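Examining the three-dimensional arrangement
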Amino acid sequence: MAPASAHAFRNDKMMKPIKVGLLGIGTVGAGTFEVLRRNQEEIRRRAGRGIEIVMVADLNVERARELTHGQCEVVADANLVVDHPDIDIVIELIGGYGIAKTLVMKAIANGKHVVTANKALLALHGNELFKAAQDRGVMIAFEAAVAGGIPIIKALREGLTANRIQWIAGIINGTTNFILSEMRDKGIDFDTALKDAQRLGYAEADPTFDIEGIDAAHKATIMAAIAFGIPVQFERAYVEGITQLQATDLRYAEQLGYRIKLLGITRRTPKGIELRVHPTLIPSSRLIANVEGAMNAVLVQGDAVGATLYYGKGAGAEPTASAVIADLVDITRLATADPEHRVPHLAFQPDAMIDTPILPMSEVTTGYYLRMHVADKLGVLADVTRILADSTISIDAMLQKEPAEGEQQTDIIMLTHQTQEKNVDAAIARIEALPTVVGKVTRIRLEELS
Ligand code: NDP
Ligand code: HSE
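Now for a look at the structure at hand. All values reported here derive from a predicted model rather than from experimental measurement.

A separate point is the pairing of strand 11 (residues 295–302). The element strand 11 is extensively covered by neighbouring structure, given that 8 of its 8 residues are classed as buried. Because side chains alternate across strand 11, one face comprises the buried residues Met295, Ala297, Leu299 and Gln301, and the other comprises Asn296, Val298, Val300 and Gly302, equally buried. In this sheet, strand 11 lies alongside strand 7 (residues 165–171) in antiparallel orientation, the contact comprising 6 bridges. When the sheet's bridge partners are listed, Trp167 is paired in strand 11 with Gln301.

Okay, here's the thing in structure tokens:
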């Protein structure tokens, strides 16, 4: 039984709501304010204490006042929130790594816990921020930073803590998955689908972060750190988005029994850690290949548990708010715990992190889809297969299209077994030099995920 003084302390805390300051009431901020208001009684019963947003900072004060219905103080200057002595937790939902970083560092220095959905900030400056928080004895919680409403951070950091994690592969950007699904299912063009994703609140302030794979790489970087106990190292991630993808390849992939998804992949290998984002062929029969629209899914392979799959809404106001509020509740429960007994920010104790190298892309091993446009002449196929054999690349499947009527050229598509990227680079250079091959070879990576 706890001593009487501890009871008194807890009772006092039970009665006093924890006070929260919100920085940025845009898509996610507005969702967070609304869900916290709507479910406040249920949340209080879970947290053991009320959680109240008492101050909101936003550049658009007028809009912020409308969204908060006069229920809290609204200011234009976010510094007033992070400096306010009554605020216990600061939620940063501004985004980017300019003012957001300054404000988070200031909040930490002022002894406030921080909740953020800002994966860009954590992927680039996480090591510095977590160190500052550790030194100051405060928490940074970031469930919403990866896969929106899916509690993947909690799963990796706590639920799978018994496992040596082997690999993670995820559809972790809602905007690009939405674009690919719309293009495939409705025949909508890329630009229209992107505009729809922006209108629905899925896209980043700068949508090139989504379509060029940068946002997914931010999230993969964070997951790699938590899965393998390594520092966040966004600068070493290989990043390729969906802007170069052609509708032809989506169709050929389907004909071969695959679907193309933008995957974030991180894998432990004997030589180091793979950390990469790129369009990927996945067998159509896999559950993850059937994740459509703005939905996200993360497949995690642990040595004890085997494969586990997490699925849900990866973007949008309320799904993301769900993760932000889960962090608020976690912090509320742990705020009075001794800092040494809290869950470490990156799952592993700070002094137990290992600097395992991130492998360059040339050292990564995977399967490949290769499409080449060739002259319809005898011997072309033999030349290509000889080059692949010389590079020790074995062919798994092949598709040769009949030339269209009146055409002298056609497409050959090959799927390879697993091989090192540097072998494929060398083979592609030789194939492109053949006089019978027209233009560039299209290369898309392929993962069986078995
Ligand atoms: P929004 O752009 O919708 O919201 C950002 C808000 O912050 C805006 O209201 C903006 O005001 C305000 N703001 C900008 N600068 C300041 C400042 N200096 N002081 C105070 N307020 C400021 O972004 P989202 O809500 O979409 O995203 C917020 C964060 O959540 C980002 O880090 C994003 O990556 C992340 N995230 C977003 C998801 C989503 O589905 N949207 C999902 C998961 C994470 P103004 O509009 O006037 O510029
Ligand atoms: N722009 C991001 C996406 C928001 O589309 O997934 C969620 O992180």
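Take the site of ligand 2 next. Ligand 2 sits among Lys119, Asn173, Gly174, Thr175, Tyr202, Ala203, Glu204, Asp210, Asp215, Lys219, Gly314 and Ala315. When the free accessible area of ligand 2 is taken as 260 Å², the share hidden by the protein chains comes to 94%. Taking a 2 Å distance to the grid points as the criterion, the majority of the atoms of ligand 2 fall inside the largest pocket. Among the elements of the structure, helix 9 (174–186) and helix 12 (214–228) are those that each provide at least two residues to the shell around ligand 2. The residue inventory of the shell around ligand 2, partitioned by class, reads 3 nonpolar, 4 polar and 5 charged.

Of all 8 residues making up strand 15 (residues 409–416), 7 are buried, and the element is well covered by its neighbours. Strand direction decides the pairing type here: strand 13 (residues 365–375) and strand 15, joined by 7 bridges, are antiparallel. Paired with Val374 across the two strands is Thr410, which belongs to strand 15. Where strand 14 (residues 395–400) meets strand 15, 5 bridges bridge the pair, whose relative direction is antiparallel. Residue Gln400 lies in a different strand from strand 15, and its bridge partner there is Ile412.

Here we come to the site of ligand 1. Close to ligand 1 lie 22 residues, the nearest being Thr27, Val28, Asp58, Glu204 and Gly316. Contact between ligand 1 and Val28: an oxygen atom at 2.8 Å from a main-chain N or O atom of the residue. Against a free-state accessible area of 900 Å², the protein chains account for coverage of 78% of ligand 1. In a pocket analysis with a 2 Å cut-off to the grid points, ligand 1 is assigned to the largest pocket. For the shell around ligand 1, the residue count by class is 10 nonpolar, 9 polar and 3 charged.

Bringing the sheet that holds strand 1 (residues 18–23) into the picture now. Taking strand neighbours across the sheet as the criterion, the 6 strands line up as 3-2-1-4-5-6 in an open arrangement whose pairing is parallel. Each of the sheet's edge strands pairs with one partner strand only, and the pair in question is strand 3 (73–75) and strand 6 (140–141). Of the pairings in the sheet, the one linking strand 1 to strand 2 (residues 51–57) comprises 6 bridges and is parallel in character. Paired with Leu23 across the strands is Ala57, a residue of strand 2. Packing against the sheet, helix 4 (residues 61–68) makes contact with strand 2 and strand 3, and its axis sits at approximately 160° to strand 3.

Tallying each qualifying case throughout the model produces 36 salt bridges. Here Glu240 ties to Arg445 by a salt bridge, and the two come within 3.0 Å at their closest N and O atoms. Remark: Arg445 occurs in strand 17 (residues 437–446) and Glu240 occurs in the loop between strand 8 (238–239) and helix 13 (247–255); sequence separation between them is 205 residues. The partly exposed category is assigned to Glu240, whose relative accessible area is 26%. We classify Arg445 as buried; its relative accessible area is 2%.

Parameters and conventions
Within each chain, residues carry numbers counting from 1 in the order of the written sequence. Chains carry letters from A onward and ligands carry numbers from 1 onward, assigned in written order. Note on the predicted model: pLDDT of at least 70 is required for a residue's local features to be given, and 80 or more for side-chain atom pairs to be given and counted; whole-chain, interface and lining totals, by contrast, use all residues. Note that the side-chain values use all heavy atoms of the structure and ignore hydrogens as well as water. Each residue's exposure class comes from its accessible area (1.4 Å probe, protein chains only) as a fraction of the maximum for that residue type: buried when under 20%, exposed when over 50%, partly exposed otherwise. Numbered from the N terminus, helices here are DSSP runs of H or I no shorter than four residues, and strands are runs of E no shorter than two. Should DSSP find at least two bridges between two strands, the strands are regarded as paired. Whether a residue is near a molecule or strand depends on its heavy atoms: it is near if one of them lies within 4 Å of it. Per-residue and other accessible areas were derived by the Shrake-Rupley procedure at a 1.4 Å probe size, with only the shown protein chains allowed to occlude residues. The distinction between a cavity and a pocket rests on a 1 Å grid over the protein atoms alone: a 1.4 Å probe fits inside a cavity but cannot get out, while a pocket stays open yet meets protein on both sides within 12 Å along at least five of seven lines, and a residue with an atom within 4 Å of a point counts as lining. To decide whether a molecule occupies a pocket or cavity, check its atoms: if more than half lie within 2 Å of the grid points, it is inside. Any residue that is not Ala, Val, Leu, Ile, Met, Phe, Trp, Tyr, Cys, Pro, Asp, Glu, Lys or Arg is counted as polar, Gly included; the first ten are nonpolar and the last four charged. The term polar contact refers here to a pair of N or O atoms within 3.5 Å; inside protein, the definition further demands a hydrogen-donor-capable atom paired with an acceptor-capable atom, and it admits residues adjacent in sequence only when both atoms are side-chain atoms. Contact definition: two residues touch when any of their heavy atoms are within 4.5 Å. All axes are obtained by fitting lines to C-alpha atoms, using only the stretch in contact for helices, and the reported angles, taken between N-to-C directions, cover 0 to 180 degrees. Just to be clear on terms, a salt bridge is a Lys or Arg side-chain nitrogen sitting within 4 Å of an Asp or Glu carboxyl oxygen.

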